[in-house]
Amino acid sequence: MQTLNFEDAIRKIVAADERYQFDAYLFVQDAIDYTQKSLGRHKQEHKHVSGKELLDGIRDYALSKFGPMTPTLLSEWGIRSCEDFGEIVFNMIQHKQASQSETDSREDFKGGYDFDEVFRKPFLPAKRRSVEPKPAPAKMISQD
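Residues numbered from 1 in each chain as written. Predicted model: local features only at pLDDT ≥ 70, side-chain atom pairs only at ≥ 80, totals over all residues. Heavy atoms only, no water.

**Student:** Help me understand the pattern of salt bridges in this model?
**Tutor:** For side chains of opposite charge, pairing can occur when their charged atoms come near one another. One pass over the full model with this rule turns up twelve salt bridges. A salt bridge links Glu-107 to Lys-110; the shortest N-O distance between them is 3.6 Å. Overall, the relative accessible area of 52% leaves Glu-107 in the exposed class. With its nearest N and O atoms 3.4 Å apart, the salt bridge here joins Arg-120 to Asp-116. Of this pair, Arg-120 and Asp-116 are both found in helix H6 (residues 115-120), four residues apart, which corresponds to roughly one turn of the helix. Owing to a relative accessible area of 37%, Arg-120 belongs among the partly exposed residues under this scheme. (Salt bridge = Lys/Arg side-chain N within 4 Å of Asp/Glu carboxyl O. Buried < 20%, exposed > 50% of the residue type's maximum accessible area, 1.4 Å probe, protein only. Helix = DSSP H or I, 4+ residues; strand = E, 2+ residues; numbered from the N terminus.)

In structure tokens form, the structure reads like this:
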């Protein structure tokens, strides 16, 4: 039996689970590699990263690669929360495109960070970052 290369395996995953675009999986794989390198694990036999480490790596990688376009791209790919990253990772694990330790679970990705806070807010003008928006004043309606 021939083993699938990574991209063929991802096409198979996307065909079975249409929630996330093909590019979302490529991005997560690149973010895994980025995280392993940033933690100095890319040359070690044990390259595993935890869910929290991966979320931090995904954040840093996305901001460095896509900057203010990050939220738009993630949304386009079907990713709207950290839990979506967990779903992608576990789809990859299920199809033998990523490894899992005994302690890894989807729960590791729950409540990781708010996308608006980490992907949008850093690119807002300084005044808008530090001040909560004020509600619009109520309009007076005259009864003439």
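**Student:** What is the right way to read the packing of helix H2 (residues 22-38) against helix H3 (residues 51-66) from this model?
**Tutor:** Axes are the key here: two packed helices are described by the angle between their axes and the distance separating the axes. It is at 8 Å that the axes of H2 and H3 come closest, and there the two elements cross at 105 degrees. As far as their axial angle goes, H3 and H2 are roughly perpendicular. Between H2 and H3, the residues in contact are Phe-27, Asp-30, Ala-31, Ile-32, Tyr-34 and Thr-35 and Glu-53, Leu-54, Gly-57, Ile-58, Asp-60, Tyr-61, Ala-62 and Phe-66, respectively. By residue class, the composition of the contact of H2 with H3 is nine nonpolar, two polar and three charged. (Axes fitted to C-alpha atoms, helices over the stretch in contact; angles between N-to-C directions. Parallel < 35°, antiparallel > 145°, perpendicular 65-115°, else oblique. Contact = heavy atoms within 4.5 Å. Nonpolar A, V, L, I, M, F, W, Y, C, P; charged D, E, K, R; others polar.)

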